[in-house]
Amino acid sequence: MSIPQIDDKEITRELWQSRLPVRFILSDEDTTKVNRSESPEPLYLMLTRHIYFPCIVEKISRYYSNYFKGNLNDPTNNINLNNLWFEYESIPLKWHYPIGVLYDLYTSSLSTSSSHLPWQIIVHLSKFPESELIRFPDIECIESHYMTTLKEADALKHKGQIIGDMQKRDHKQLWNSLLQDKYEGFWNINMKLMAYTENLKYFRYIPFRIYILDKPFIQKLFSPYDVEHNKWLTLFDLLQYSLDHEVKCEKSSNEKKITNNNVEDYRVIIHGVEPPLNTPVQWLSEYFSHPDNFLHICLVENHTRR
Amino acid sequence: MSTNEGNENDSFSVDASNSAANNDEVNTGSVRSGPSNDSEGGSKVVFLLKAAGGAPILKKKKWALPRSKTIGHIVEFLKKYMQLDAQQQQQLFLYVNQAFAPALDTTIGSVNDCFSSEGTLVLHYALTQAWG
């Protein structure tokens, strides 16, 4: 064949390498408390989409600590690096969602302009929103969040058998490869988690989460293969099933706000990409999952785009 | 690990004098016909709480909550219910499948949709990390 076959594996490498340029600026309120003559310049960073904010927060707090020498952690001005948090369009950014998921969900849903880059995030050093944001005080906390999410994914895919049979050092290698941006080291282990068990040619259930603005994420049980009709199910099937099921639950709980379950009313974004809705879910799960083995799917309702 | 398998029969007892009417608390107030056999059957999620890793055993095992309540809500409730603050015990972990601890902002509805088995969701609680 004259045209070289494109190896699907290359897609996982492309996704691994995708970055977001971010511009951090200090909140107006905290800027008034700076005890140097000049205000902090914005801080620009290229961030890996699939990483979490706690993995890079050290850099940011170190940068701002220079501006608060002397009055840092002074109780009278409430500035405390342990209270650092990020905001975008009045929304506190969750520490335990992948950075790219936060970007896809919020910039597409909320921004008035079509170009969001660099992504502008406001840094706060006071007034931590305790009721809205779960604290992840150190990198060990986010590591344990990552591991438990990975275990949940494997519970869905293989009843937890593969992750359960792995050595502790394999778990460590997954996390360290993520932190140190080592694609090969990560996939050497991760490919075991992409295997099939029980003589199946697919995962028992697909680990996925659906994010819609102002709602808790939606997670359902969904098998990628319809045994009865002998066919692979698609991204569209997964979304239709999940939204319909969610609406049914909302109605039986008498909720005031019922989710729109018309898939066509949404833009569907995974890893910043809008995959065709007829893509088989099994393929997506193998090639488009985040390093936690979940498909993180952002749904942006078309009319919320102004 | 200690569980309460032998004691299931008093799990339905609902204390009418407690705050069962308060929707905001974990309660079994509106459960009449036992557990809803799947997530579409009822408006509330019915679940069993079992002790793990030597945690104090609760007399009441069967609980019900609206779908939108979070794992964090249950953790906070249990800390108060078991008066852990008084014992200077800060942490409480909730496990699914005796394998993983869902993030605190996960709703009990989605945990139930994915991990209830034969209509029943079982959560294990521990005061130290019991699994992983």
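Owing to the predicted nature of the structure, the values given are computational and were not obtained by experimental measurement.

Once that is clear, we can look at the overall build of chain A. Check the secondary structure of chain A and you find 10 helices and 10 strands. By the compact-globule yardstick of 19 Å for 306 residues, chain A fits well, its C-alpha radius of gyration being 21 Å. A principal-axis box enclosing the C-alpha atoms of chain A has dimensions of 70 × 50 × 45 Å. Within chain A, buried positions represent 33% of all 306 residues. Restricting the contact set of chain A to residue pairs at least 6 apart, pairs at least 24 apart contribute 71%.

Moving on to the overall build of chain B. Helix and strand counts for chain B stand at 2 helices and 4 strands. Starting at the N terminus and ending at the C terminus, chain B contains elements arranged as β-β-α-β-α-β. By residue count, 36% of the 132 residues in chain B fall in the buried class. Sequence-distant contacts, at least 24 apart, represent 67% of the contacts inside chain B between residues at least 6 apart.

A few words now on the UniProt feature "domain: Autophagy protein ATG5 alpha-helical bundle region" (unreviewed entry) in chain A. Here the UniProt feature "domain: Autophagy protein ATG5 alpha-helical bundle region" (unreviewed entry) sits at residues 140–194 of chain A. Helix makes up 85% of residues 140–194 of chain A and strand 0%, with an end-to-end C-alpha separation of 25 Å.

Next up on the list: the interface of chain A and chain B. When the parts of a complex come together, some accessible area is lost, and that lost area is often used as the size of the interface. Contact with chain A, which involves 20 residues of that partner, is made by 21 residues of chain B. The set of elements that each furnish at least two residues to the side of chain A that touches chain B consists of helix H5 (139–158) and helix H9 (235–252) of chain A. Looking at which element gives the most residues to the side of chain A that touches chain B, the answer is H5(A), with 7 residues. Split into classes, the residues belonging to the side of chain A that touches chain B amount to 8 nonpolar, 8 polar and 4 charged.

All names here are of chain A. Overall, mixed pairing links the 3 strands, which are arranged S6-S10-S9 in an open sheet. A single partner strand is all that each edge strand has here, and the edge strands are strand S6 (208–212) and strand S9 (266–269). Ignoring strand direction, the axes of neighbouring strands in this sheet form an average angle of 25°. Relative to strand S10 (residues 295–301), S6 runs parallel, the two sharing 5 bridges. Across the sheet, residue Ile 210 finds its bridge partner in S10, namely Ile 297.

A word on the domain arrangement of chain A. Looking at the assigned domains, one finds that chain A contains domain 1 (14–124), domain 2 (138–199) and domain 3 (200–306). Between the C-alpha centres of domain 1 of chain A and domain 2 of chain A the distance comes to 28 Å.

Every α-helix winds through 3.6 residues per turn, so residues three or four apart in the chain are directed the same way. Residue and element names in this part refer to chain A. For helix H8 (residues 183–193), the full list of buried residues reads Phe 186, Asn 190 and Leu 193. Buried residues along H8 cover an arc of 25° about the axis, so they all sit on one side. Along H8, the residues that are exposed and aim more than 90 degrees away from the buried face are Glu 184 and Met 191. Residues of H8 that are buried in the fold lie against H5, helix H6 (161–165) and helix H7 (168–179).

Attention now moves to unusual backbone geometry. The backbone of A:Ser90 shows a phi angle near 70°, a positive value even though the residue is not glycine. Residue placement: A:Ser90 occurs in the loop between strand S3 (85–88) and strand S4 (91–92). Its identity is not glycine, yet B:Asn97 carries a phi of approximately 60°, on the positive side. Following the sequence through the fold, B:Asn97 ends up in the loop between strand S3 (93–96) and helix H2 (108–115).

Another aspect to go through is the confidence of the model for chain B. All names here are of chain B. Looking at chain B, the pLDDT average stands at 74 and 66% of residues meet or exceed 70. By mean pLDDT, the top-scoring element of chain B is H2 (96), and the lowest-scoring one is helix H1 (residues 71–81) (92). Below pLDDT 50 for its whole length, residues 1–25 participates in 27 contacts with residues either more than four positions away or in separate chains. Across residues 27–41, where pLDDT falls below 50, the model places 30 contacts with residues more than four positions away in sequence or in other chains. Across the interface, the model reports ipTM at 0.87; the global pTM reads 0.87.

When two helices pack together, you describe them by how their axes are tilted relative to each other and by the distance separating the axes. Residues and elements named next belong to chain A. Relative orientation of the contacting elements H7 and H8 amounts to 145°, with a least axis distance of 8 Å. The chirality of how H7 crosses H8 is left-handed. Each of Asp 170, Gln 173, Leu 174, Ser 177 and Leu 178 in H7 lies in contact with H8, whose residues at this interface are Gly 185, Phe 186, Ile 189 and Asn 190.

As a further point, take the sheet that holds S4(A). All names here are of chain A. If you trace the 5 strands from one edge of the open sheet to the other, you get S2-S1-S5-S3-S4, paired in mixed fashion. The sheet terminates laterally at strand S2 (43–48) and S4, the two strands that pair on one side only. As paired elements, strand S1 (residues 19–26) and strand S5 (residues 119–124) share 5 bridges and run parallel to each other. Each bridged residue has a counterpart across the sheet, and for Leu 26 the counterpart in S5 is Val 123. Along the sheet, helix H4 (residues 99–110) makes contact with S1, S2, S3, S4 and S5, crossing S1 at roughly 75°.

The next subject is the environment of A:Phe294. Residue and element names in this part refer to chain A. Looking at where Phe 294 falls in the secondary structure, it is placed in the loop between helix H10 (281–287) and S10. Separated by 111 residues in sequence, Phe 294 and Tyr 183 have C-alpha atoms that sit 17 Å apart. Discounting residues that sit within four places of it in the chain, Phe 294 has contacts with Thr 149, Ala 153, Pro 207, Phe 208, Arg 209 and Ser 289.

All names here are of chain A. Residue placement: Leu 213 occurs in the loop between S6 and strand S7 (225–226). By the C-beta count within 10 Å, which is 15 here, Leu 213 ends up partly exposed. Between the C-alpha atoms of Leu 213 and Tyr 106, which are 107 residues apart in sequence, the distance is 7.4 Å.

Conventions we followed
- Residues numbered from 1 in each chain as written.
- Chains lettered and ligands numbered in written order.
- Predicted model: local features only at pLDDT ≥ 70, side-chain atom pairs only at ≥ 80, totals over all residues.
- Helix = DSSP H or I, 4+ residues; strand = E, 2+ residues; numbered from the N terminus.
- Rg over C-alpha atoms; globule rule 2.2 N^0.38 Å.
- Buried ≥ 20, exposed ≤ 12 C-beta atoms within 10 Å, placed from the backbone.
- Contact = placed C-beta atoms within 7 Å.
- UniProt positions renumbered as here; feature names shortened; annotations may be inferred.
- Nonpolar A, V, L, I, M, F, W, Y, C, P; charged D, E, K, R; others polar.
- Pairing = 2+ DSSP bridges.
- Axes fitted to C-alpha atoms, helices over the stretch in contact; angles between N-to-C directions.
- Domains from an automatic or database assignment.
- Arc of directions from axis to C-beta.
- pLDDT = per-residue confidence, 0-100.
- Left-handed = near helix turned anticlockwise from the far one by under 90°.

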